[in-house]
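For reference, the chains in residue letters:
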Amino acid sequence: MQAMTFLEPQRLWWLLLLVGLIAAYVFAQSQRREHTVRFTNLELLHQVVPRRPDIRRHVPATLFTLTLGVLIASLAMPAMPVEQPRERATIIVAVDVSLSMAATDIEPDRLQAAKESAQGFVETLPDRFNVGLVSFSSTASVVTSPTHDHQAIITSIENLRLGPGTAIGEGVFASLEAIRGFDEESEEDPPPSAIVLLSDGENTSGRDIGQASAAATEEGVPVSTIAFGSGAAMIEIDGYQVPADIDKEALRDLAQDTDGHAYEAESETELDEVYEDIGSSLGTELVHEEIATRFVVAAIILALATAVTSLLWFQRLP
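Residues numbered from 1 in each chain as written. Predicted model: local features only at pLDDT ≥ 70, side-chain atom pairs only at ≥ 80, totals over all residues. Heavy atoms only, no water.

A. Here's a closer look at the overall build of the protein chain. If you tally the helices and strands in the protein chain, you get 10 helices and 11 strands. Within the span of the protein chain, comprising 318 residues, buried residues form 41% of the whole. Pairs at least 24 residues apart make up 81% of the contacts formed inside the protein chain by residues separated by at least 6 positions. Per element, the accessible surface of the protein chain, about 17600 Å² overall, is 55% carbon and sulfur. (Helix = DSSP H or I, 4+ residues; strand = E, 2+ residues; numbered from the N terminus. Buried < 20%, exposed > 50% of the residue type's maximum accessible area, 1.4 Å probe, protein only. Contact = heavy atoms within 4.5 Å. Areas by Shrake-Rupley, 256 points an atom, 1.4 Å probe, with all protein chains shown as cover.)

Here it is, written out as structure tokens:
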């Protein structure tokens, strides 16, 4: 549990005045006892002053001191840490559109299964999440910059088309570029971000996955990967049947190296678990919420208690 803090702690120096007030009260009580001892007629003194001083006479003073202490604490703007949604939270969906994604080891084919999974994933995201779309084959491009318009992302996913080559590393770099360009604050204060990359995993073009992994790690952006395909599939390219290889290990390493999560999709799957992992890290942030009003209310209650005890026991207000 997070501890309470003060937004204006320098104002707590006023408590030193309260300490001085307490010291003055203690001194006044000691002087009172000294004057009592100087009273020479002890028989008359016993009739005027009880043998044991009534401790109740200190209660109003104690309550009054507590009231002042709580009021001073309220001036220092006490606050409690609370979790609030991160409005800048950004997720980039990067989809492999290489020719190997046409393999039919997943019905109806890998690309269509990836599209449907990505669309279902975007639909589960809260509206406050910004979502962007990157596609990659031999090169990578930002199809749609991060936006709250999730329907636009879903439509863009549906319009993805196949292309030659597989540049997974470039897909990660393009995703990082989209995150850096999210808003004017991104260079100095990057938004909390994550990448969800859907691919069959064999990198054949562009910068290698290791470079991309290092860049994502340096920028603190986890990459969660979803590997599509069983590996036992053929596709037709220029009239020739070629194997549609899949490299699940490469995708797994990319996820592990960037503190993301690796998943396999040998059949059409939902990405609810991926959202839970990402949502837990991007969904909220700690902010300090003022609770000075609670302190003022406590001070009012203490002040009323001071007045009541003084009236009941001494028939006067303090």
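B. Structural context of the pairing of strand β6 (residues 193-199). The buried fraction of β6 amounts to 7 of the 7 residues, a majority that puts the element mostly inside the structure. With burial as the criterion, each face of β6 is covered, one bearing Ser193, Ile195, Leu197 and Ser199 and the other bearing Ala194, Val196 and Leu198. As paired strands, strand β3 (residues 90-96) and β6 are joined by 6 bridges and run parallel to one another. Within β6, the residue paired with Ile92 across the bridge is Ile195. Pairing of β6 with strand β7 (residues 223-228) involves 5 bridges; the strand directions are parallel. (Pairing = 2+ DSSP bridges.)

C. Here's a closer look at the packing of aromatic side chains. Within the structure shown, the criterion is met by 0 aromatic pairs. In this structure, Arg207 packs its charged tip against the face of Phe173, placed 3.8 Å from the ring centre. (Phe/Tyr/Trp six-rings, centres within 6.5 Å; stacked < 30°, edge-to-face > 60°. Lys NZ or Arg CZ within 6 Å of the ring centre and 35° of its normal.)

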